[in-house]
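What follows is each chain in one-letter form.
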Amino acid sequence: MFVENKNLRVVPLYKEVVAIVHPSTGAFVFMEDTNRITSLYNRLKVLAQPDHHLTIAESDPDHADIWAATESYRSEAELQEKKCLDTVILKVTNRCNEACKHCYDARGFDTADMVSEKLCAIIDEALALSGQHLNLLFHGGEPLLRSDILDEVAGYARAAAEKCGKSIGCFAQTNGSVLNKRIISVLTRHEFGLGISLDGWESLHDKLRIMSDGSGTYRLFKRSYNRYRDYMVQNSGILTTVMASNVDVLEKVVLHVRDLGFVTWDATLFDLNGKGAEFPHLAVDAERYCAALERIIDLIEANECRNIAIKPILRRLDNLLIPQKLDMCLPGNGPCGAGSRLLSISADGSLSGCDIIHDRSLMLGHSPKTTLAEATTKPEVDRMNRRLSHNLMGCHSCTWLGVCGGTCLARGGLNSVNTTDCMISKLINEVLLRRISRNDALLEWYALFPPQRRRASVIHETFEMFA
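Let me begin by describing the structure that accompanies this report. (Residues numbered from 1 in each chain as written. Predicted model: local features only at pLDDT ≥ 70, side-chain atom pairs only at ≥ 80, totals over all residues. Heavy atoms only, no water.)

What follows deals with the overall build of the chain. Across its full length, the chain holds 20 helices and 14 strands. For the chain, the C-alpha radius of gyration of 22 Å lies close to 23 Å, the compact-globule estimate for 467 residues. Projecting the C-alpha coordinates of the chain onto the three principal axes gives extents of approximately 70 × 45 × 40 Å. Accessible surface for the chain amounts to roughly 18900 Å². Of this, 52% is attributable to carbon and sulfur atoms. Seen as two clouds, the 53 positive and the 58 negative side-chain charges of the chain have centres 3 Å apart. (Helix = DSSP H or I, 4+ residues; strand = E, 2+ residues; numbered from the N terminus. Rg over C-alpha atoms; globule rule 2.2 N^0.38 Å. Areas by Shrake-Rupley, 256 points an atom, 1.4 Å probe, with all protein chains shown as cover. Lys, Arg positive; Asp, Glu negative; His and termini not counted. Charge placed at Lys NZ, Arg CZ, Asp CG, Glu CD.)

Shown next as C-alpha cells:
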C-alpha cells in the first residue's frame, strides 16, 4: 500500500545533527555536516510543513545522493507481501475471578464459555487460512478458569497443525491469580507462554485491579509468584496498562518487574471502553507517556535493562530499523492486521478483526454461522484495510507515515486517527532517532533481543521467547 512519494523530510535532532526521513517507508539517514545543514535550512525554510519538518523535493540538489543512501531500505520496504492470517484470539470464557474497575472487555455479556468442539472447528478453519505458523492467544475473562478447555484445544491444535505441516504457538493472557500445579502441568504440556497483567507494585496495582468486594488483587498475583516463581519468570511476560495513575512512575514499574525476575515487559494504553468509559480521568496524554518512555530509555542507556525486553521500545525501534513492518499495530504505510492477519472470537461467538474493536459496524459476523474464511472477505475488512489510503489522507503528508500506520483503528476510528496515538508517534520517533544518533547504547541493547522477543504479534518458539 505504499504511497508513491519521493519527497524527503528533515527532522532536527541536535544543532549539528538532522535525520532525513522518507515518509512513505520510514527510511532515514543522519546528516552531520553543519555547513550542509545550514545550506539546507536556508534553501528550504519556505517549504516548512505544519509539523515544522522541512521537505526536500526531488528537484533539490541534495535529494539525489540522500535518496540513493536509502535505496536498499526502500526497496525492501516496498516489497512487502500480503500477510495471511497468523494470529487468532480465542476468548474461551468471559468469566473472571477479578473485577478490575477499568476492564475494557466488560461489555455486559451473559456468562459464557466456548465449548471445545467449537474451538477445534475454529482452529481447523484458521489453519486452512494461515501460513506455516499460527499463533493462538487464549483470552477471556480469565482463560485459566477453563484450563480444561485449554488442555483439550491446545492438544487438538498441535496435532491438527502437524497433520498439515504447520506449527502452532500457544499463549494465554491471565491475571496470574489461579495458578496451581494442575494448571501449570497443562500449560507446560502444550508449551504455553503467558502474559500476566500487572500494573505495578501492590499499592499501585490495587488502585483498579480489585475483587468484587473491593479488596486488591496484587496479593493473589504474589501468592502465585511465591509458589511458582521459577515457572512464571521462565514462561511469562508482564503486561501493564498505562494510566494517569502509573504513567509518571512507569520506569519504576519496569524496575519492579525486572527485580521480580521477569524478562519481558509490555504496555498498553488505558482503553476508554467497557468499564474504562467510567474513568476518563485515567486516560494518558501523549506528552506524559513519551516522557515516561524517555525515562525508561535512560535506564536502558544506563545499562539497567540488559535482561529485560521492553516491548514498547523494541517495537518502535523495529519499525524504524527494519523495512518490513511486522507489528500488526504499527504497520507503517500499510493496513493494520485487523481482519487479515488477526481475528478475534468472543465467548459468545462474535467475530471481529481485533478484540479491542468495539465499533459494531466493523463486526465480521458470528461463529459458526460465519466461517473465518467468510469473515476475512467481508466488506468490513476491505474498509479497514483501505482506511489509511482512503480515509486518512492527512496522514500522507506526515513524516512518520512509514512507521506509524495511521494510529490504532480501534482507538481512532475508521475515518479518524487517535490524536493521542498520533502525537505519541510524532514525539517518540524523534526521541529514538535523537538517542541513536548520539551513541550506540540503545542499539546495542536492541541487538540483545532476537526478533521473536521483539515483536508482540509473533509468538514463535515460546520458551526461547521468554528465556
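Alright, that's what it looks like, and here's the rest.
Our focus in this paragraph is the packing of aromatic side chains. Within this structure, the stated rule accounts for seven aromatic pairs. Every member of this aromatic cluster is reached through a ring pair, and the members are Tyr218, Phe221, Tyr225 and Phe262. A cation sits over an aromatic face here: Arg74 above Trp67, 3.6 Å from the ring centre. (Phe/Tyr/Trp six-rings, centres within 6.5 Å; stacked < 30°, edge-to-face > 60°. Lys NZ or Arg CZ within 6 Å of the ring centre and 35° of its normal.)

The strand order across the open sheet formed by four strands is S3-S2-S1-S4, and the pairing between neighbours is antiparallel. In the strand order of this sheet, the two ends are held by strand S3 (28-31) and strand S4 (54-56), each with one partner. Strand-to-strand twist in this sheet, taken as the mean axis angle between neighbours without regard to direction, amounts to 30°. Here strand S1 (residues 8-14) runs beside S4; their pairing, made up of three bridges, is antiparallel. Following the sheet pairing, Arg9 is matched in S4 by Thr55. (Pairing = 2+ DSSP bridges. Axes fitted to C-alpha atoms, helices over the stretch in contact; angles between N-to-C directions.)

This part takes up the packing of helix H9 (residues 250-260) against helix H10 (residues 286-301). Helix packing for two helices is described by the angle between their axes and how far apart those axes are. For the pair H9 and H10, the least separation of the axes is 8 Å and the interaxial angle reads 45°. The orientation of H9 with respect to H10, classified from their angle, is oblique. Of the residues in H10, those touching H9 at Leu250, Glu251, Val254 and Leu255 are Tyr289, Ala292, Arg295, Ile296 and Leu299. Of the residues belonging to the contact of H9 with H10, the class tally is seven nonpolar, no polar and two charged. (Parallel < 35°, antiparallel > 145°, perpendicular 65-115°, else oblique. Contact = heavy atoms within 4.5 Å. Nonpolar A, V, L, I, M, F, W, Y, C, P; charged D, E, K, R; others polar.)

Before going further, it helps to examine the packing of helix H5 (residues 147-163) against helix H6 (residues 181-189). For the pair H5 and H6, the least separation of the axes is 10 Å and the interaxial angle reads 20°. One element, H5, and the other, H6, form an angle in the roughly parallel class. When you trace H5 past H6, the crossing you get is left-handed. Every residue of H6 that contacts H5 at Ser147, Leu150 and Asp151 is listed here: Arg182, Ile183, Val186, Leu187 and Arg189. Within the contact of H5 with H6, the residues separate by chemical class into four nonpolar, one polar and three charged. (Left-handed = near helix turned anticlockwise from the far one by under 90°.)

Along any regular strand, the residues point their side chains to alternate faces of the sheet. Counting buried residues in strand S2 (residues 17-21) gives five out of five residues, a clear majority hidden from the surface. Alignment of S1 against S2, held across five bridges, turns out to be antiparallel. Paired with Arg9 across the two strands is Val21, which belongs to S2. The loop that links S1 with its antiparallel partner S2 comprises two residues. Pairing of S2 with S3 involves four bridges; the strand directions are antiparallel. By the bridge assignment, Val21 is partnered in S3 with Phe28. (Buried < 20%, exposed > 50% of the residue type's maximum accessible area, 1.4 Å probe, protein only.)

The next point concerns the nonpolar core. In this structure, Phe138, Phe262, Trp265, Tyr289, Ile310, Ile313 and Trp445 are the most contacted members of the largest nonpolar core, which totals 116 residues. The element best represented in this core is H10, accounting for nine residues. Residue contacts for Ile313: discarding those within four places in its chain leaves Leu293, Ile297, Ile300, Leu432, Leu442 and Trp445. Ranked by size, the runner-up nonpolar core spans 13 residues in total, among them Val10, Leu54, Ile66 and Trp67. (Core = buried A, V, L, I, M, F, W, Y, C linked by side-chain atoms within 4.5 Å.)

Looking now at the environment of Val18. As for its position among the elements, Val18 is in strand S2. Sequence spacing of Val18 and Val233 is 215 residues, and the spatial spacing of their C-alpha atoms is 41 Å. Look past the residues within four positions of Val18 in its chain and what remains in contact with it is Val10, Val11, Pro12, Leu13, Val29, Phe30, Met31, Ile37 and Tyr41.

With that settled, the discussion passes to H10. The terminal C-alpha atoms of H10, which comprises 16 residues, lie 22 Å apart, in line with the 22 Å expected from a rise of 1.5 Å per residue. Buried within H10 we find Ala286, Tyr289, Cys290, Ala292, Leu293, Ile296, Ile297, Leu299 and Ile300. Looking straight down H10, one finds that the buried residues subtend no more than 160° of arc, so they occupy a single side. Structurally, the start of H10 carries an N-cap: the backbone nitrogen of Glu287 is 3.1 Å from a side-chain oxygen of Asp285. Directly after H10, the chain includes Asn303, whose backbone phi takes a positive value near 70°. (Expected span 1.5 Å × (residues − 1). Arc of directions from axis to C-beta. Polar contact = N/O pair within 3.5 Å; in protein donor to acceptor, adjacent residues only side chain to side chain.)

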